[in-house]
Structure formats: C-alpha cells, structure tokens
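Take a look at the letters that make up each chain.
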Amino acid sequence: AKQKGRNQFRAFTRELNESLYRRLMLRNELQTAMDQRDLQLYYQPFFTQTGQVCGYEALLRWEHPELGWISPQDFIAIAEQTGQIAELGRWVLWQACSDARQLVDARLMPGRVSVNLSPLQFYRGDFLLDLMGVLSETGLQARWLDLELTEGALMRDTQASIETLGRLVELGITTAIDDFGTGFSCLDYLQRLPVTRIKLDKVFIHAIDGHSGNAVVCKSVLALARELGLRVLAEGVETQAQYDYLVNLDCEVFQGFYFARPMPFSMFRELLLAGPEK
Ligand code: C2E
Ligand code: CA
Ligand code: CA
Ligand code: CA
C-alpha cells in the first residue's frame with residue numbers, strides 16, 4: 001500500500017510539474033506570439049429570426065507552429081496570471097475595432113462588434129481612457145461597439161461595475177452579461193446593473209433536447225430578462241430543435257454552430273457581402 005501511495009504521489013508531482021512547465025512555456029510562447037502577431041481574431045455572427053446578421057463576436061485564436069490550436073480559455077487564463085492580459089486585451093480591442101471600422105466603411109451593416117473583456121481589463125483605473133483611445137485611433141464610432149463581461153466578473157465588485165457600465169451607456173457602448181445563468185447572481189444587483197443584454201449560457205441551450213430541468217431554466221431566464229427590460233441572446237444554438245424551442249419562447253437573437261461557426265475576418269466579410277440566404 002505504501003508503494004502504491006508513493007507511485008501515486010510521483011504521478012501526481014509529475015503531472016503538477018508538467019502543468020507548471022506547460023504554463024511557463026505557454027507564457028513565453030504567448031509573448032512571442034504577441035510580438036510576432038501570430039494571434040488572430042475570428043468572428044461569429046449573431047442572427048435574428050429572419051436570418052439577418054445583427055452583430056458578431058470577436059473570438060481570439062492562436063495557432064502555435066508546433067503545438068497547434070490552443071484554446072483561448074487556456075491561454076487567457078495564463079495571460080491573466082502573468083499580467084500579459086493588459087497587452088493582449090488591448091490588442092484584441094484595437095483589432096476588433098479596426099476590423100469593424102472596415103465593415104462599417106464598406107456599408108455592410110454588420111451590427112455591433114462584441115468584444116470579450118477580462119475582469120482585469122474592466123477594473124483597471126485607466127480602462128475607460130484606454131477604450132476611448134482605441135476608438136479614436138481606429139476611427140470606430142462607439143455605436144458599433146458592444147462589450148461582453150461574464151456574470152462572475154461583474155459580481156466581483158458590483159459598485160465599481162455599476163459605475164463603469166453607466167459611463168459606457170453615456171458613451172453609447174452597449175454591454176452584455178456573458179454566460180448568464182451560471183453565476184447565481186443576486187437579483188437585486190442584477191436589477192441595478194445597467195447592461196443591455198444577457199447571453200444565455202450554452203449549457204441551458206444544450207439541455208433543451210434533453211429532458212433535464214434546464215429547459216425550464218431557459219423559459220424562466222427569458223421571462224426574468226423581459227421583466228428587467230433586458231434583451232436576450234441564446235448562445236451555442238446547435239440544432240433546429242433548440243432553435244424552434246427558443247423561437248417559441250420569443251427569443252430574438254441567436255448565436256451558434258447551427259447558423260455559423262467562428263470564422264476569419266475575410267470569410268465573415270464575404271458572408272456579409274453575400275447577404276442573407278434566400
Ligand atoms: P465565450 O465568450 O462564452 O464564447 C463563446 C464560445 O462558444 C466560443 O468558444 C465559441 O466558439 C463557442 N461556440 C459558439 N457557438 C457554439 C455552439 O453552437 N456550440 C458550442 N459547443 N460552442 C459554441 P471559444 O472561441 O473557444 O472561446 C472560449 C472562451 O474564451 C470564450 O467563451 C471567452 O470566455 C474566452 N475568449 C475568447 N476570446 C476572447 C478574448 O478576446 N478576450 C477574452 N477576455 N476572452 C476571450
Ligand atoms: Ca463571449
Ligand atoms: Ca458565453
Ligand atoms: Ca464561456
């Protein structure tokens with residue numbers, strides 16, 4: 001038994017070292033990627049019930065020359081630990097605004113670009129100043145920008161969130177609560193957050209074709225959002241059945257593989273040029 005325990009311990013420390021090693025390596029590799037501009041933004045459209053594109057989310061992509069595609073969830077977590085998120089986040093915002101400006105100039109009617117924000121960006125003292133700097137550098141009007149923050153991020157410091165969101169409203173920038181329903185928010189705070197939209201997390205959408213209680217959650221969240229005067233976007237819609245169910249609940253905006261996967265900027269531009277399918 002002793003031997004077995006020791007072996008397990010060795011396996012455990014080896015795993016730990018590997019993950020630590022992987023983290024350290026990824027940190028260095030990420031710096032190289034940022035320096036060499038090896039990162040890309042993909043875009044995934046949002047659709048109305050009539051098939052019109054009414055917005056689109058910028059999603060970070062990193063294809064490492066040897067390691068292949070690395071999930072944004074992994075490397076963003078690392079960037080948050082190392083502080084690299086400041087540089088990374090600013091680049092994302094800048095690139096997304098610059099791409100959006102091109103689409104607006106080409107009169108492609110793409111709706112707003114939605115950019116994901118790390119709480120570490122959002123809570124920085126110079127966030128708003130930095131944001132306005134990016135808008136003026138890229139020449140994008142605030143009315144074409146939307147920012148996504150997770151429920152958990154907004155709950156970290158509700159007072160600061162309320163203030164910053166209020167300033168964004170004044171600037172004409174809309175905001176969305178990402179991954180809504182996963183954070184057990186206090187309803188009282190939710191009511192006080194001046195956000196425009198909630199994005200109903202995909203775990204609830206995927207539960208629609210199953211028989212769990214989560215389909216009921218979809219229904220309740222939509223009712224709650226309406227009560228609070230918020231718009232709802234359903235994330236991660238993958239099937240016709242999910243879509244039909246959501247349409248029945250009067251959900252208005254959809255995002256997911258059923259409609260379109262995240263794609264490079266040039267492809268997204270082509271999609272807009274082609275217009276809605278007839
Ligand atoms: P998120 O903000 O919730 O983004 C939606 C994720 O769902 C994306 O994963 C997208 O590719 C995926 N998705 C879209 N439609 C479907 C669908 O129908 N089915 C399924 N199963 N998935 C779908 P992705 O691109 O891997 O991004 C993962 C997470 O990484 C994002 O989750 C976000 O939290 C983070 N992230 C990505 N880009 C950025 C960024 O520029 N900044 C920050 N701070 N976070 C980012
Ligand atoms: Ca998001
Ligand atoms: Ca989400
Ligand atoms: Ca998520």
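Residues numbered from 1 in each chain as written. Chains lettered and ligands numbered in written order. Predicted model: local features only at pLDDT ≥ 70, side-chain atom pairs only at ≥ 80, totals over all residues. Heavy atoms only, no water.

S.K.: Can you help me understand the site of ligand 1 in this one?
M.R.: Taken together, 23 residues lie near ligand 1, and Arg61, Asp178, Lys202, Glu238 and Phe257 sit nearest. Contact between ligand 1 and Glu238: a nitrogen atom at 2.5 Å from a side-chain N or O atom of the residue. Expressed as a share of its isolated accessible area of 810 Å², the protein-covered part of ligand 1 is 85%. Those elements that place two or more of their residues in the shell around ligand 1 are strand S2 (53-64), helix H2 (72-82), strand S6 (174-180) and helix H9 (202-206). Of all the elements, S2 adds the most residues to the shell around ligand 1, at four residues. The residue makeup of the shell around ligand 1, split by class, is nine nonpolar, seven polar and seven charged. (Near = heavy atom within 4 Å. Polar contact = N/O pair within 3.5 Å; in protein donor to acceptor, adjacent residues only side chain to side chain. Areas by Shrake-Rupley, 256 points an atom, 1.4 Å probe, with all protein chains shown as cover. Helix = DSSP H or I, 4+ residues; strand = E, 2+ residues; numbered from the N terminus. Nonpolar A, V, L, I, M, F, W, Y, C, P; charged D, E, K, R; others polar.)

S.K.: Please explain the pattern of salt bridges as it appears in this structure.
M.R.: Pairs can form between side chains of opposite charge whenever their charged atoms are close. Enumeration over the complete set of coordinates arrives at eight salt bridges. Close ionic contact of Glu148 with Lys199 constitutes a salt bridge, the shortest N to O distance being 2.6 Å. Taken as a pair, Glu148 in strand S5 (residues 145-150) and Lys199 in strand S7 (residues 197-200) lie far apart in primary sequence, 51 residues in all. The exposure class assigned to Glu148 is buried, which follows from its relative accessible area of 1%. A salt bridge links Glu170 to Arg167, with the shortest nitrogen-to-oxygen separation between them at 2.6 Å. In this pair, Glu170 and Arg167 are both assigned in helix H7 (residues 158-171), three residues apart and thus about one turn of the helix distant. (Salt bridge = Lys/Arg side-chain N within 4 Å of Asp/Glu carboxyl O. Buried < 20%, exposed > 50% of the residue type's maximum accessible area, 1.4 Å probe, protein only.)

S.K.: Mind showing me how you'd approach the nonpolar core here?
M.R.: The biggest cluster of nonpolar side chains holds 76 residues, and the ones touching the most others in it are Leu39, Tyr43, Val113, Leu131, Leu145 and Leu147. Apart from residues lying up to four places away in sequence, Tyr43 is in contact with Tyr56, Glu57, Ala58, Gln95, Ala96, Asp99, Val113, Arg261, Pro262, Met263, Phe265 and Phe268. (Core = buried A, V, L, I, M, F, W, Y, C linked by side-chain atoms within 4.5 Å. Contact = heavy atoms within 4.5 Å.)

S.K.: What should I look at first to understand the packing of helix H3 (residues 85-105) against helix H12 (residues 265-274) in this one?
M.R.: How two helices sit against one another is set out by the angle between their axes and by the gap between those axes. Running from N to C, H3 and H12 cross one another at 25°; their axes reach a closest spacing of 12 Å. Considering their axes alone, H3 and H12 lie roughly parallel with respect to each other. The way H3 lies across H12 gives a crossing that is right-handed. Across the interface between the two elements, Asp99, Gln102 and Leu103 of H3 pack against Phe265, Phe268, Arg269 and Leu272 of H12. Its residues assigned to classes, the contact of H3 with H12 shows four nonpolar, one polar and two charged. (Axes fitted to C-alpha atoms, helices over the stretch in contact; angles between N-to-C directions. Parallel < 35°, antiparallel > 145°, perpendicular 65-115°, else oblique. Left-handed = near helix turned anticlockwise from the far one by under 90°.)

S.K.: Can you walk me through the pairing of S6 in this structure?
M.R.: On a regular strand, each side chain points to the face opposite its neighbour's, so the side chains alternate between the two faces of the sheet. Summarising burial for S6: six of the seven residues are buried, a large majority. As paired strands, S5 and S6 are joined by five bridges and run parallel to one another. Looking at the pairing, Leu147 lines up with Thr175 of S6. Note that S6 and S7 share three bridges and pair parallel. Directly across from Ala176, in S7, lies its bridge partner Arg197. (Pairing = 2+ DSSP bridges.)

S.K.: Teacher, can you tell me more about the packing of aromatic side chains here?
M.R.: The relative placement of two aromatic rings is captured by the distance of their centres and the angle of their planes. All told, the structure shown has 14 aromatic pairs when counted by the stated rule. Ring geometry for Tyr42 and Trp69: centres 6.3 Å apart, planes at 70°, overall edge-to-face. Linking Tyr42 in strand S1 (residues 39-47) with Trp69 in strand S3 (residues 68-70), this pair joins segments that are 27 residues apart in sequence. Its relative accessible area of 15% is what places Tyr42 among the buried residues. (Phe/Tyr/Trp six-rings, centres within 6.5 Å; stacked < 30°, edge-to-face > 60°.)

S.K.: So what exactly am I meant to see when it comes to H12 here?
M.R.: Because each turn of an α-helix spans 3.6 residues, side chains separated by three or four positions in sequence point in the same direction. Buried within H12 are the following residues: Phe265, Phe268 and Leu272. Down the axis of H12, the smallest arc covering the buried residues is 60°, so these residues share one side. Of the exposed residues in H12, the ones pointing more than 90 degrees away from its buried face are Leu273 and Ala274. On its buried face, H12 sits against S1, S2, H3 and strand S10 (263-264). Among the residues trailing H12, Gly275 stands out with phi positive, at a value near 80°. (Arc of directions from axis to C-beta.)

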